[in-house]
Amino acid sequence: MYLESFAAFSERYGTTSPATAVLLGLWRLLADAMLLVGYRVMLRRAPRRQQSEKT
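Residues numbered from 1 in each chain as written. Predicted model: local features only at pLDDT ≥ 70, side-chain atom pairs only at ≥ 80, totals over all residues. Heavy atoms only, no water.

Turning our eyes to something else, we now look at the overall build of the chain. A count of helices and strands for the chain gives two helices and zero strands. Out of the 55 residues in the chain, the part that is buried amounts to 2%. (Helix = DSSP H or I, 4+ residues; strand = E, 2+ residues; numbered from the N terminus. Buried < 20%, exposed > 50% of the residue type's maximum accessible area, 1.4 Å probe, protein only.)

In structure tokens, the structure reads:
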């Protein structure tokens, strides 16, 4: 999947450095946002999980 999308990216935009840097930056931003959302969800669930283990 990843290789196919990279191949399509190379065909569409060429192998220019700025386009590659922008694509990698967007992927990094998306990954960081997903990590932050997961962290916040786990922080909200942690107190409930501790309460349920005590009972």
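Here the narrative resumes, following the displayed structure.
A cluster of nonpolar side chains, V22, L26 and L29, forms an exposed patch at the surface whose accessible area comes to about 310 Å². Note that L26 resides in helix 2 (residues 17–54). (Patch = residues over 30% accessible without salt bridge, like charges linked within 9 Å, V, L, I, M, F, W, Y side chains within 5 Å. Areas by Shrake-Rupley, 256 points an atom, 1.4 Å probe, with all protein chains shown as cover. Salt bridge = Lys/Arg side-chain N within 4 Å of Asp/Glu carboxyl O.)

Moving on: the pattern of salt bridges. Applying the stated criterion across every chain yields a total of one salt bridge. With a shortest N-O distance of 3.4 Å, D32 and R28 are connected by a salt bridge. Of this pair, D32 and R28 both sit in helix 2, four residues apart, roughly one helical turn. With relative accessibility at 39%, the residue D32 sits in the partly exposed group.

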